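# Breakdown of the fold
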Amino acid sequence: MRIVNTSTAAFAAATLSLYTTFAAAQYSPNCPLQGGVFPNPKTLGRDSEAVDAGLSTVRSELHKIINDSTIFDKAGTSFQLSIFSKDETLLSFSHAATSLDNSSLPTHRLDEDTIFRIGSVSKLLTVYALLAEVGADHLKDPVTKWVPELAQSAKKGIKDAVNQVDWDEVTIEALASHNAGIDRDYSLLDFANLINQTTAEQAALPPLAPGDIPTCGITDLLLPACSRAAFLNEVSDLHPVTSTFHTPVYSNIAFQILAYALEGIANKTFADIFQCSIIDRLGLSGTSLQPPNSTKQGIIPGDKISSWWSVDLADASPEGGMFSTGADMTKIGQSILNSSILSPALTRRWLRPITHTADLRVSVGMPWEIFRLLQPISPKTNHTRVVDLYTKNGALGAYSSLFVLSPEHNFGFALLTATPTTPTESTADASALTVIGDSITSTMITALEQAARDEAVINFAGVYASSNMSLAISVDDEHPGLKLSNWTMGDKDVLELYTGVPNAQVDARLYPMDLESCGKIAFRAVYEGVREASETPQPGVAFSQRCAPWGGVAALHYGKIAFDDFVFEVDDKGRATAIIPRITRQTLGKQVGNTTSLRKG
């Protein structure tokens with residue numbers, strides 16, 4: 001027979017033992033759950049004072065950047081920037097280099113419909129086409145199941161981990177996430193076709209047999225594009241870089257192989273898949289795998305060859321040869337944020353890391369380059385939380401591109417640039433991406449955080465009560481989430497009873513859980529002790545500085561309902577009318593009154 005101690009002290013001790021495991025957090029007084037700390041604001045653009053101010057700041061900063069010759073070459077660099085929410089274009093801004101002539105910009109106008117090459121952002125669209133066409137069912141399949149040439153190579157090869165790729169280990173997911181462990185390129189930047197034998201000898205390089213010199217590919221514009229047979233024959237003989245899923249190594253050729261695998265799965269050409277699954281479904285007018293038939297809508301710095309405008313990458317287009325516009329990239333971004341093509345569940349699965357890199361701030365997805373941003377909680381504090389940016393950059397010839405999504409803010413931007421391909425101008429192109437990208441991110445993420453906070457005050461802050469219970473929900477400028485306080489039932493302090501510590505020492509915060517239906521929004525509470533931010537992290541210290549609230553979600557229950565389970569009832573404007581602390585089996589109506597006092601700052 002098991003004896004159960006039912007005393008209040010024993011109950012408080014049990015709950016306290018869980019909640020205090022979160023107290024050794026990161027460099028902020030709070031440990032929020034990963035993701036947005038407030039519901040996404042429903043009003044953006046000019047309907048939001050914070051976002052409108054952010055956009056004005058971006059415009060001002062862009063003009064400053066353009067006119068600062070130390071960081072931007074306004075004579076040589078052109079760019080088109082599109083900033084968008086899931087529902088609208090927030091800002092379209094263009095700069096045409098002053099050196100452009102009529103042949104470089106035939107329409108005499110650079111705008112969101114101007115066509116650029118997008119380089120490796122093509123990889124993102126290739127994975128999008130894969131998921132749109134066949135979903136995620138085949139991600140764990142070995143590539144040998146769908147590319148018979150590699151299956152034949154695997155059969156005849158001897159198991160030799162150092163010298164031969166084990167193609168049976170390479171999955172569709174590995175190809176899509178730079179985890180296949182294979183070479184970056186075939187023929188691109190292969191100096192066998194870029195230098196003569198005299199130069200090779202001066203560089204201490206040995207003579208090459210004819211069979212070691214690439215005869216197709218995109219290193220030299222005079223080389224023909226590789227046929228499928230030639231490419232797979234050559235690729236199957238390349239040395240492995242690493243074992244699969246050991247460490248991410250960037251690979252262009254992985255996406256050409258991925259396109260071949262998709263053709264095998266769908267029994268269609270990749271061109272047909274891309275046209276039907278992406279271009280037609282989104283109504284894209286300036287996006288293509290091959291160079292457009294006309295240059296009329298394009299921007300071509302220099303001539304068509306040196307800029308790479310007219311270079312058809314053929315079967316290599318899925319890795320980096322596509323064309324697009326700011327308007328089309330906006331539609332693509334909005335379709336991802338709205339799950340217009342993929343199901344919401346598959347979208348969420350896609351917007352996740354597959355592996356980490358050696359940089360604590362960077363992870364890799366399919367083929368997302370995920371930057372983990374330490375975002376200040378608000379402009380009024382240096383306390384931070386983690387915001388994940390899902391990005392992809394690209395470069396080919398005269399063109400560079402940057403595509404960014406912040407799913408928890410339903411926000412993104414596309415930056416397309418063009419610069420003549422001399423070394424100095426190429427560096428200026430990369431600098432433009434970095435400087436402009438950083439400016440947009442720092443300004444707009446801060447503005448969106450503020451917009452969400454402002455809307456949370458209007459929608460949720462207030463006093464809620466039933467006949468025998470009441471609580472307060474407030475928002476403050478130095479902490480994340482909705483603060484839960486003054487929770488009483490008659491003369492009982494509910495927070496003190498649940499946590500075992502005095503109310504003044506409890507910091508209870510509610511975070512949205514991406515569950516909303518029938519006028520209800522789900523939140524979960526994280527109960528923490530009031531504390532100061534921890535000190536600077538110490539090298540080699542792992543466990544004492546962890547931030548692990550995710551490990552305690554829904555940990556304690558009473559009658560099959562967790563102690564942290566809260567639901568708001570909202571009207572058609574998203575404004576709360578009641579809160580349900582589900583463990584109490586009560587609905588507390590929102591009391592009419594001024595919520596201004598419930599914003600702390």
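Keep in mind that what you see is a predicted model, and the values were worked out from it rather than measured. (Residues numbered from 1 in each chain as written. Predicted model: local features only at pLDDT ≥ 70, side-chain atom pairs only at ≥ 80, totals over all residues. Heavy atoms only, no water.)

A few words now on the pairing of strand β19 (residues 565-570). In terms of burial, β19 is a largely internal element, 5 of the 6 residues being buried. The pairing of strand β16 (residues 520-529) with β19 spans 5 bridges and is antiparallel. From the neighbouring strand, I521 faces β19, where its bridge partner is F568. In this sheet, strand β20 (residues 576-581) lies alongside β19 in antiparallel orientation, the contact comprising 5 bridges. Looking across to β20, one finds that E569 is bridged to A578. Once β19 ends, the chain turns through 5 residues before running back antiparallel as β20, passing G574 with a positive phi of about 85°. (Buried < 20%, exposed > 50% of the residue type's maximum accessible area, 1.4 Å probe, protein only. Helix = DSSP H or I, 4+ residues; strand = E, 2+ residues; numbered from the N terminus. Pairing = 2+ DSSP bridges.)

Across the interface, helix α7 (residues 228-235) lies against helix α8 (residues 253-266) with an axial gap of 12 Å and an inter-helix angle of 125°. On the basis of their axis angle, the class for α7 and α8 is oblique. Relative to α8, the crossing made by α7 is left-handed. For the pair α7 and α8, contact is made by R228, F231, L232 and V235 and by I253, Q256, I257, Y260 and E263, respectively. Per-class residue counts for the contact of α7 with α8 are 6 nonpolar, 1 polar and 2 charged. (Axes fitted to C-alpha atoms, helices over the stretch in contact; angles between N-to-C directions. Parallel < 35°, antiparallel > 145°, perpendicular 65-115°, else oblique. Left-handed = near helix turned anticlockwise from the far one by under 90°. Contact = heavy atoms within 4.5 Å. Nonpolar A, V, L, I, M, F, W, Y, C, P; charged D, E, K, R; others polar.)

Turning our attention to the pattern of salt bridges. Inspection of the entire model under this criterion finds 22 salt bridges. Salt-bridge contacts for D111 lead to R109; the nearest nitrogen and oxygen are separated by 3.1 Å. A relative accessible area of 14% means that D111 is categorised as buried. A residue is classified by how much of its surface remains accessible, and R109, at 55% relative accessible area, is exposed. Its salt-bridge partner being D476, residue R509 comes within 3.0 Å of it at the nearest N-O pair. Linking R509 in strand β15 (residues 506-517) with D476 in strand β12 (residues 469-476), this pair joins segments that are 33 residues apart in sequence. Judged by its relative accessible area of 6%, D476 is buried. Counted as one network, the salt bridges with shared partners bring together D476, K483, D507 and R509. (Salt bridge = Lys/Arg side-chain N within 4 Å of Asp/Glu carboxyl O.)

With that out of the way, let us pick up the sheet that holds strand β7 (residues 369-376). Neighbouring strands of a sheet are bound in pairs by backbone hydrogen bonds; such pairs are parallel or else antiparallel. The strand order across the open sheet built from 8 strands is β2-β1-β10-β9-β8-β7-β6-β5, with neighbouring strands paired in antiparallel fashion. Looking at strand neighbours, the two that pair on one side only are β2 (89-95) and β5 (355-356), the edges of this open sheet. Bridging between strand β6 (residues 362-364) and β7 involves 3 bridges; their strand directions are antiparallel. In the strand pairing of β7, V364 is matched with E369. Sheet contacts for helix α2 (residues 49-66): β1 (78-85) and β2; angle to β2, the most-contacted strand, approximately 10°. Along the sheet face, helix α3 (residues 121-134) touches β8 (384-396) and β9 (399-406) and points at about 105° away from the line of β8.

The subject of this paragraph is the nonpolar core. In terms of nonpolar packing, the biggest core is built from 84 residues, with I257, W350, W368 and F403 touching the most fellow members. Ranked by the residues each element gives to this core, the list is headed by α8, at 11 residues. Residue contacts for W350: discarding those within four places in its chain leaves L124, V127, Y128, L131, I336, L342, M366 and W368. Counting residues in hydrophobic clusters, the runner-up holds 37 residues, among them V457, L471, W487 and A508. (Core = buried A, V, L, I, M, F, W, Y, C linked by side-chain atoms within 4.5 Å.)

So, about empty space enclosed by the protein. Scanning the entire structure with this criterion turns up 3 cavities of 30 Å³ or more. The volume enclosed by the largest cavity comes to roughly 150 Å³. Lining of the largest cavity is provided by 16 residues; of these, G217, I218, F231, Q256 and A316 occupy positions nearest its centre. The class makeup of the residues in the lining of the largest cavity is 10 nonpolar, 3 polar and 3 charged. (1 Å grid on protein atoms, 1.4 Å probe; cavity = no way out; pocket = protein on both sides within 12 Å on 5 of 7 lines; lining within 4 Å. Points joined across faces, edges and corners; volume = space filled by probe spheres on them.)

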